[in-house]
Amino acid sequence: MSTFDRWLRILLCFEESDGPLTVEQVSAMTNIPVSTLYRYVQTLLKEDFLEAAGRPGAYVLGHRLLSLARKVPGVWDMAKIAYPEMQALSQDIRETVLLLRRSGDATICVERVEADQVVKFSFEKGKRLPLHAGASARIVMAYLPEEDVDRLIREGYLTRYTENTITSGEEIKRVLRETRENGYAISTEEMDAHVRAIAVPILDSKGNFLAGLSVVGPTFRLDAAKTEEVLAKLKVCAHRLSEQFERHLVNNH
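What you are looking at is a predicted structure, and each value in this text was computed from that prediction instead of being measured.

Criteria and cut-off values
Residues numbered from 1 in each chain as written. Predicted model: local features only at pLDDT ≥ 70, side-chain atom pairs only at ≥ 80, totals over all residues. Heavy atoms only, no water. Buried < 20%, exposed > 50% of the residue type's maximum accessible area, 1.4 Å probe, protein only. Helix = DSSP H or I, 4+ residues; strand = E, 2+ residues; numbered from the N terminus. Pairing = 2+ DSSP bridges. Phe/Tyr/Trp six-rings, centres within 6.5 Å; stacked < 30°, edge-to-face > 60°.

**Considering the pairing of strand β8 (residues 195-203)**
Here is step 1: With 8 of its 9 residues buried, β8 lies for the most part within the structure.
Here is step 2: Taking the residues that link successive antiparallel strands as the turn, the strand β7 (residues 185-188)-β8 hairpin has 6 residues, and the phi of Glu-189 there is positive, at about 55 degrees.
Here is step 3: Bridging between β8 and strand β9 (residues 209-218) involves 9 bridges; their strand directions are antiparallel. Of the residues in β9, the one forming a bridge with Ile-198 is Val-215.
Here is step 4: Joining the antiparallel neighbours β8 and β9 is a turn of 5 residues, in which Gly-207 adopts a positive phi near 90 degrees.

Right, here's the structure in full:
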């Protein structure tokens, strides 16, 4: 294993974790000896790619990675443009609003506006999650090339997270087709218990997918009437963002 491979594997461990990791935990995840890992960790700390966490001997990702992430073309501009509209929508409906993009064979949340009524769910800003589980991710999957969807199914991608997660290749293809035809996706407890998601695509004037926009909240608040209201407002917000994204692209090319 090359030195670069080791750096990469160490950093990717933190993507898979929801909290701080110790050197011993990283060693178990990477099969890199603890004695070797200590040397790498010290260098990563010095260069601000890792930071010490609250408890002794534990580490989290450092702010240097955020600085690099802001250099990713288009993504952070998109988040900056979308934030005011997302904030206004969140304040109006009092639920959390997410902006999502594809990241390899996953979905990544590039912006998140919290409701004043907080509910715990999987999509944290910057976190990659599976494409098939829940409307927030599936709105992205619905606009993937068909060959990518077929490949994911062949490779056994459709992992089950709850009893409501879609794990059948035939079923996911039917749902994706319906999502494109209807222009929205709705899911209940496919990724997180007691959570409902409503999602719409943000498309450019030619129908190309730019990003997904979703609202998530507890099932007891997002009942049928509230879901219908939220969906209507999501569509309006997505249309506004489509126009703003296109203006930004035109002005910067």
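**Topic: the environment of Gly-104**
Here is step 1: Tracing the sequence through the fold places Gly-104 in the loop between β4 (96-103) and β5 (106-113).
Here is step 2: Put simply, Gly-104 and Leu-131 are 27 residues apart on the chain and 9.9 Å apart in space, counted from C-alpha to C-alpha.

**Quick notes on the packing of aromatic side chains**
Here is step 1: Counted according to the given criterion, the structure contains 2 aromatic pairs.
Here is step 2: Taken together, a centroid distance of 4.5 Å and an interplanar angle of 85 degrees make the contact between Trp-7 and Tyr-40 edge-to-face. Taken together, the residues span a long stretch of sequence, with Trp-7 in helix α1 (residues 3-16) and Tyr-40 in helix α3 (residues 34-46) at a distance of 33 residues.
Here is step 3: The exposure class of Trp-7 is partly exposed, given its relative accessible area of 24%.
Here is step 4: Of the residues examined, Tyr-40 reaches a relative accessible area of 9% and is grouped as buried.
Here is step 5: A centroid spacing of 5.2 Å and a plane angle of 15 degrees characterise the contact between Tyr-143 and Phe-209, whose relative ring orientation is stacked. Of this pair, Tyr-143 sits in the loop between α6 (135-141) and α7 (146-154) while Phe-209 is found in strand β9, placing the two residues 66 residues apart along the sequence.

**A few points about the sheet that holds strand β1 (residues 21-22)**
Here is step 1: One open sheet accounts for 3 strands, arranged β1-β3-β2; its pairing is antiparallel. Of all the strands in the sheet, just β1 and β2 (50-52) have a single pairing partner and so form its edges.
Here is step 2: The pairing of β1 with strand β3 (residues 58-61) spans 2 bridges and is classified as antiparallel. The residue of β3 that forms the bridge with Thr-22 is Ala-58.

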